[in-house]
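Architecture and fold: a report
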Amino acid sequence: MDVSAPILVSGFEPFGGETVNASWEAVRLLPDEIDGHPVKKLLLPVEFGRSGDVLEEAICAERPCIAIAVGEAGGRAHLTVERVAVNLMRARIPDNAGFQPDGISIVPGGPDAYLATLPVDACVEAARKAGVPAQPSETAGLYVCNQALYRMLHVMSCNHMHIKAGFIHVPYLPCQVLEKPGKPFCPADISAAGIVAAIRETLCFRVVR
Ligand code: PCA
């Protein structure tokens with residue numbers, strides 16, 4: 001294993017009328033190094049296309065050993081580790097550039113779906129062991145996050161890159177639910193602890209298995 005290969009972790013800008021995005025607030029809190037690997041933090045626009053382009057460029061430039069995109073899933077109570085990305089874009093609300101696709105392919109002619117190459121269930125277990133409520137998820141939706149995961153796995157597949165890559169959705173922050181009674185939330189430091197636990201587990205996974 002390349003002990004100095006970076007770990008790429010992205011978060012998103014605010015969207016949907018929010019002034020913060022829980023994913024970036026958690027990513028910002030990650031340490032700059034984990035077990036000797038520098039952690040590169042990338043802020044993505046909530047835009048179909050451009051977010052995928054930025055991620056793709058970063059993966060090709062950095063050649064990370066692990067790439068994890070993090071997004072906010074308002075309404076989910078747990079940190080959720082995504083298992084699959086599908087080749088479809090369908091948006092309930094326009095993205096931050098005003099684009100609202102209604103069932104078109106992310107990559108025309110591309111595979112219908114990719115599976116995350118992260119050890120999903122082991123990451124969930126590791127987060128739970130760290131005291132962070134976590135669940136596997138079988139759908140990342142059809143909005144910008146699913147597209148980002150699909151683009152990431154697609155560029156890796158096309159270039160035969162063996163990177164442990166995946167996506168983690170985090171709940172709203174407490175400050176986002178002040179006026180949303182009943183909506184679940186998770187402080188950024190707790191979500192960050194879950195992401196670190198998933199990264200550490202993935203590093204062990206690469207070495208041991
Ligand atoms: N969540 C959205 C896009 C950006 C984000 O943080 C999603 O789940 O698709």
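Structure: above.
Presented here is a report on the structure given in the accompanying data block. Quick caveat: nothing in here was measured; it's all calculated off a predicted structure.

1. Here we look at the overall build of the protein
Looking only at helices and strands, one finds five helices and eleven strands in the protein. Taken over C-alpha atoms, the radius of gyration comes to 16 Å for the protein, in line with the 17 Å a tight globule of 209 residues would show. With the C-alpha coordinates aligned to their principal axes, the bounding extent of the protein is approximately 45 × 40 × 25 Å. Once local pairs closer than 6 in sequence are excluded, the contacts in the protein between residues at least 24 apart make up 78%. Carbon together with sulfur atoms contributes 54% to the accessible area of the protein, which is approximately 9,300 Å² in total. Across the protein, the mean location of the 18 positive side-chain charges is 4 Å away from that of the 23 negative side-chain charges.

2. Looking at the site of the ligand
Taken together, Phe12, Phe15, Asn21, Val46, Gly71, Glu72, Tyr143, Val144, Cys145 and His169 are the residues near the ligand. Within the contact set of the ligand, an oxygen atom lies 2.9 Å away from a side-chain nitrogen or oxygen of Asn21. Within the backbone of Cys145, an N or O atom sits 2.9 Å from an oxygen atom of the ligand. Bound to the protein, the ligand loses 94% of the 270 Å² it would expose on its own. For the ligand, the cavity whose grid points lie within 2 Å of the majority of its atoms is the largest pocket. Within the residue set of the shell around the ligand, elements represented by two or more residues are β4 (66-72) and α4 (144-158). Class assignment for the residues of the shell around the ligand results in six nonpolar, three polar and one charged.

3. Quick word on the nonpolar core
Ile7, Val9, Ile66, Val81, Ile168 and Ile199 are the most contacted members of the largest nonpolar core, which totals 34 residues. Only β1 (7-12), α1 (22-28), β4, β5 (79-82), α3 (120-129), β11 (164-170) and α5 (188-208) provide two or more residues apiece to this core. The element best represented in this core is α5, accounting for seven residues. In this structure, Phe15, Phe48, Leu149 and Met156 belong to the second largest nonpolar core, which totals 32 residues.

4. Describing the layout of surface pockets
By volume, the largest pocket amounts to about 520 Å³. In terms of residue count, the dominant contributor to the lining of the largest pocket is α4 (three residues).

5. A few points about the pattern of salt bridges
Following the criterion strictly, the structure yields 13 salt bridges and no others. As a salt-bridge pair, Asp121 and Arg83 come within 3.1 Å of each other at their nearest N and O atoms. A residue pair is termed long-range when its members are at least 10 positions apart, and Asp121 in helix α3 and Arg83 in the loop between β5 and β6 (84-86) qualify at 38 residues. Residue class for Arg83 comes out partly exposed when judged on its relative accessible area of 24%. Among the charged side chains, a network of salt bridges with common partners joins Asp53, Glu56 and Arg151.

6. Structural notes on α4
The end-to-end C-alpha distance of α4 is 21 Å, a good match for the 21 Å that 15 residues give at a rise of 1.5 Å each. For α4, the buried fraction is high: 13 of the 15 residues fall into the buried class. Two residues or fewer past α4, His160 is found with a positive phi of approximately 50 degrees.

7. Side note on α3
Along an α-helix, residues three or four positions apart point the same way, because every turn accommodates 3.6 residues. Considered for burial, the residues of α3 that qualify are Val120, Ala122, Cys123, Val124, Ala126 and Ala127. In the stretch just after α3, Gly131 is the one whose phi turns positive, near 85 degrees.

8. What about the packing of aromatic side chains?
The geometry of an aromatic ring pair comes down to the distance between the two centres and the angle between the two planes. Tallying each qualifying case throughout the model produces four aromatic pairs. Note on Phe48 and Tyr143: the rings are 5.5 Å apart at their centroids and 90 degrees apart in plane angle, and the pair reads as edge-to-face. Of this pair, Phe48 sits in the loop between β3 (37-44) and α2 (50-62) while Tyr143 is found in the loop between β10 (134-137) and α4, placing the two residues 95 residues apart along the sequence. With respect to class, Phe48 is no different from Tyr143; both count as buried. Between Tyr114 and Tyr150, the aromatic rings sit 5.0 Å apart at their centres with planes inclined by 55 degrees, giving tilted as the arrangement. With Tyr114 in strand β9 (residues 113-115) and Tyr150 in helix α4, this residue pair connects regions lying 36 residues apart in the sequence. Of the two residues, Tyr114 and Tyr150, both sit in the buried class. The rings of Phe15, Phe48, Phe99 and Tyr143 are connected pair by pair, giving a single aromatic cluster. Geometry around Tyr172 places Lys180 over its ring, the cationic atom sitting 4.7 Å from the centre.

About the criteria used
- Residues numbered from 1 in each chain as written.
- Predicted model: local features only at pLDDT ≥ 70, side-chain atom pairs only at ≥ 80, totals over all residues.
- Heavy atoms only, no water.
- Helix = DSSP H or I, 4+ residues; strand = E, 2+ residues; numbered from the N terminus.
- Rg over C-alpha atoms; globule rule 2.2 N^0.38 Å.
- Contact = heavy atoms within 4.5 Å.
- Areas by Shrake-Rupley, 256 points an atom, 1.4 Å probe, with all protein chains shown as cover.
- Lys, Arg positive; Asp, Glu negative; His and termini not counted.
- Charge placed at Lys NZ, Arg CZ, Asp CG, Glu CD.
- Near = heavy atom within 4 Å.
- Polar contact = N/O pair within 3.5 Å; in protein donor to acceptor, adjacent residues only side chain to side chain.
- 1 Å grid on protein atoms, 1.4 Å probe; cavity = no way out; pocket = protein on both sides within 12 Å on 5 of 7 lines; lining within 4 Å.
- Sits in = over half its atoms within 2 Å of the grid points.
- Nonpolar A, V, L, I, M, F, W, Y, C, P; charged D, E, K, R; others polar.
- Core = buried A, V, L, I, M, F, W, Y, C linked by side-chain atoms within 4.5 Å.
- Buried < 20%, exposed > 50% of the residue type's maximum accessible area, 1.4 Å probe, protein only.
- Points joined across faces, edges and corners; volume = space filled by probe spheres on them.
- Salt bridge = Lys/Arg side-chain N within 4 Å of Asp/Glu carboxyl O.
- Expected span 1.5 Å × (residues − 1).
- Phe/Tyr/Trp six-rings, centres within 6.5 Å; stacked < 30°, edge-to-face > 60°.
- Lys NZ or Arg CZ within 6 Å of the ring centre and 35° of its normal.

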